[in-house]
Amino acid sequence: MTAKPLKRVLVTGGAGQIAYNLLFRIATGEMLGFDQPLALHILELPEAMKPLEGVRMELEDCAFPLLKEVHIGSDAEELFGDVHYALLVGAKPRGPGMERGDLLKENAKIFIEQGRALNSVADPDVKVLVVGNPCNTNCLITMTNAPRIPRKNFHAMTRLDQNRAVAQLALRAHVEVSSITNMTIWGNHSSTQVPDFVNAKISGKPVLDVIKDHSWLENEFVGTVQKRGAAVIASRGKSSAASAASSAIDAIKSLVTPTPRGEWFSSGVCSDENSYGVQENLIFSFPCRSKGDGHYEIVDNIPWNTFLREKIHASERELLEERSLLEGGVS
Ligand code: NDP
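Residues numbered from 1 in each chain as written. Predicted model: local features only at pLDDT ≥ 70, side-chain atom pairs only at ≥ 80, totals over all residues. Heavy atoms only, no water.

What to know about the pattern of salt bridges
Scanning the model with the defined rule gives nine salt bridges in all. The residue Glu69 makes a salt bridge to Arg8 at a minimum N-O spacing of 2.9 Å. With Glu69 in strand β3 (residues 67–73) and Arg8 in strand β1 (residues 7–12), this pair connects stretches of sequence that are 61 residues apart. What makes Glu69 partly exposed here is its relative accessible area of 28%. (Salt bridge = Lys/Arg side-chain N within 4 Å of Asp/Glu carboxyl O. Helix = DSSP H or I, 4+ residues; strand = E, 2+ residues; numbered from the N terminus. Buried < 20%, exposed > 50% of the residue type's maximum accessible area, 1.4 Å probe, protein only.)

Structural data, given as structure tokens:
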């Protein structure tokens, strides 16, 4: 049997915590398949090239059979050439006393540059997953700066939020995580995100038929999922890098494997005139399905009750505000 053609996978922030948990799993074949030869393209800031060189050595030392090439560098235009998947992980963290608007603007500079580089040299059908926060708005900036690439190829990661929600429901209902399906995260990957327990299912039944404590669902469940990142930092003293990396793998896997019948997954994708009345041109998390060809469609007609509607609109307002904070602030 002839080997499949090489796929090129770009990861930015390559010397960071998430990347350290991500690169080795990609290289095993977990993300794109155990028969898929790979090249890794890894970007870092010039000042982090030394630790990145150490990561490159470790990748080499693993002697992964699927990993055919590793390219490292700090010049996006040089490194992004012909990549098929781009996982944009590196981002500027909020510094002491930094305002949200300043954080958005600092990150905008990074994602403008990376969007332009993708636009000029990446594979024309590259699939882009933005992990670096604020990921929805960073994704919007990247997409806006890469007009050659179809808008439907851009995603902001809300898969970790979905996975967290699934785990919390499974724990509460004393079932396996695989019994929880149809879990949507609506909106922004922030504390305004909306984990939808109304339309999720436990062993094929509506969650509300299995977990009768509606107050727990509306308060503890939603709050735990929204604030889980902060809880991990408070406990571990570091952010949730391993679970973020694992969810990034899940997010891409959901695009390259057919979604089971009747199921969906959550991803932050660009809203258009047909997406639940959400204002157009926002990167907003919706329930999505894929045929396994790397593309997706938004699942429509999922009903919102008053609780969901109010919360989803609040998340939409936050994203509109993030977008407006940028307008005129970067070029
Ligand atoms: P991490 O690898 O832990 O995180 C990277 C980004 O992912 C941050 O924006 C972080 O957001 C975000 N993120 C999303 N979900 C999660 C989650 N569940 N848990 C933790 N983080 C999450 O950061 P490090 O500081 O370890 O590494 C970042 C690297 O990126 C550095 O090595 C830096 O040099 C590099 N970098 C590269 C750039 C480039 O390639 N041009 C540009 C900027 C940075 P949050 O801040 O909210 O935790």
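Observations concerning the packing of helix α1 (residues 17–28) against helix α10 (residues 241–256)
Where α1 contacts α10, the two axes come as close as 8 Å, and the packing angle between them is 40°. With respect to their mutual orientation, α1 and α10 come out oblique. Crossing of α1 against α10: the hand is right-handed. In this structure, α1 uses Gln17, Ile18, Asn21, Leu22, Arg25 and Ile26 to contact α10, whose residues at the interface are Ala241, Ala242, Ala244, Ala245, Ser246, Ala248 and Ile249. Considering only residue class, the contact of α1 with α10 consists of nine nonpolar, three polar and one charged. (Axes fitted to C-alpha atoms, helices over the stretch in contact; angles between N-to-C directions. Parallel < 35°, antiparallel > 145°, perpendicular 65-115°, else oblique. Left-handed = near helix turned anticlockwise from the far one by under 90°. Contact = heavy atoms within 4.5 Å. Nonpolar A, V, L, I, M, F, W, Y, C, P; charged D, E, K, R; others polar.)

Describing the environment of Asn188
Secondary-structure assignment places Asn188 in the loop between β8 (184–186) and β9 (194–196). By relative accessible area, Asn188 is classed as buried at 3%. A polar side-chain atom of Asn188 sits 2.8 Å from a polar atom in the side chain of Glu318. (Polar contact = N/O pair within 3.5 Å; in protein donor to acceptor, adjacent residues only side chain to side chain.)

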